[in-house]
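# Secondary and tertiary structure notes
Take a look at the letters that make up each chain.
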Amino acid sequence: MIAPEAYRQLIEQLNQTQTTLIAVSKLKPSGDIRRLYDLGQRDFGENYVQEMVEKHSQLPEDLNWHFIGHLQSNKVKYIAPFVHLIHGIDSFKLLAEVNKQGIKNNRIIDCLLQVYIAQEETKFGLDENELMELLEYYSAQKTTMTHVRIRGLMGMASFSENPDLIRSEFKQLHTRFEWTRRSYFIDNPGFDILSAGMSNDYQQAIEAGSNMVRIGSLLFGNRNQ
Ligand SMILES: *Cc1c(COP(=O)(O)O)cnc(C)c1O
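The present account deals with the structure reproduced in this document.

What counts, and at which threshold
- Residues numbered from 1 in each chain as written.
- Predicted model: local features only at pLDDT ≥ 70, side-chain atom pairs only at ≥ 80, totals over all residues.
- Heavy atoms only, no water.
- Buried < 20%, exposed > 50% of the residue type's maximum accessible area, 1.4 Å probe, protein only.
- Helix = DSSP H or I, 4+ residues; strand = E, 2+ residues; numbered from the N terminus.
- Pairing = 2+ DSSP bridges.
- Right-handed = clockwise from strand over helix to strand, strands pointing away.
- Contact = heavy atoms within 4.5 Å.
- Near = heavy atom within 4 Å.
- Polar contact = N/O pair within 3.5 Å; in protein donor to acceptor, adjacent residues only side chain to side chain.
- Areas by Shrake-Rupley, 256 points an atom, 1.4 Å probe, with all protein chains shown as cover.

## Quick look at the pairing of strand 5 (residues 109-116)
For strand 5, the buried fraction is high: seven of the eight residues fall into the buried class. Here strand 4 (residues 85-89) runs beside strand 5; their pairing, made up of three bridges, is parallel. Note on strand 5: the bridge partner recorded for Ile86 is Cys111. Regarding the hand of the β-α-β motif, the stretch spanning strand 4, helix 5 (residues 92-105) and strand 5 is right-handed.

## Here we look at the pairing of strand 6 (residues 148-156)
The buried fraction of strand 6 amounts to seven of the nine residues, a majority that puts the element mostly inside the structure. With eight bridges joining them, strand 5 and strand 6 adopt parallel strand pairing. The partner of Leu112 across the bridge, within strand 6, is Gly152. Note that the unit made of strand 6, helix 7 (residues 163-184) and strand 7 (residues 193-195) has a crossover that is right-handed.

## Description of the environment of Tyr37
Along the chain, the position of Tyr37 falls in helix 2 (residues 30-38). Once you skip the residues sitting within four places of it in the chain, Tyr37 turns out to touch Arg42, Phe44, Pro60, Asp62 and Leu63.

## Concerning the site of the ligand
Around the ligand lies a shell of 13 residues, among which Lys26, Asn47, Ser199, Ser217 and Arg223 are the nearest. Arg214 has a polar side-chain atom sitting 2.9 Å from a nitrogen atom of the ligand. Contact with the protein chains hides 91% of the accessible area of the ligand, taken as 390 Å² for the molecule alone. Those elements giving two or more residues to the shell around the ligand turn out to be strand 6 and strand 8 (212-215).

See the structure below:
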């Protein structure tokens, strides 16, 4: 667990670039979340639906729960009543399901589209064509998409020791963010979130234009598999 003083320094550093910190608490107990909450942290990220639902029931109501994992359409209903931001939208089908659950719960649910930038086969997300396709669907059906709000993009760089590769991937993500904003959200100031950067690469992500970082192990220590 990060020391309070180190946490404050990190927050101060992030504030200088108006970057929001999502504390990634997956696989960590609610007690750890509570300790960071007591230092003032409010935004927490989880990867697994059941785990997030359980922790939500154990912790204060004013936490912002970010779903950052791979989300299956049939599980949206469990998090729809309380989720603050869904980072990993990677299909129109999933976006339409979030809209449906938003209607059911009478709330507008904020989402990010997950973009694929890494050189790895294993990472989820939309490639350039899939992103465009999703945005075209969305634009065409906008009048029915009343309870979902696309707030920006999310991406992950390759797990690599090569800083040039990571930098170029984050740059690519930022370019795609700007392109999406100009092409589809030019009249919509609410399209303003670029979620990129984790414990090992958040500084490079911020340099490349990220304004939301998702940091786990640096705050909570390593996760046991
Ligand atoms: C686990 C996870 C993180 C945090 O990773 P750390 O390396 O522990 O900072 C960030 N984003 C996503 C999508 C994750 O799954």
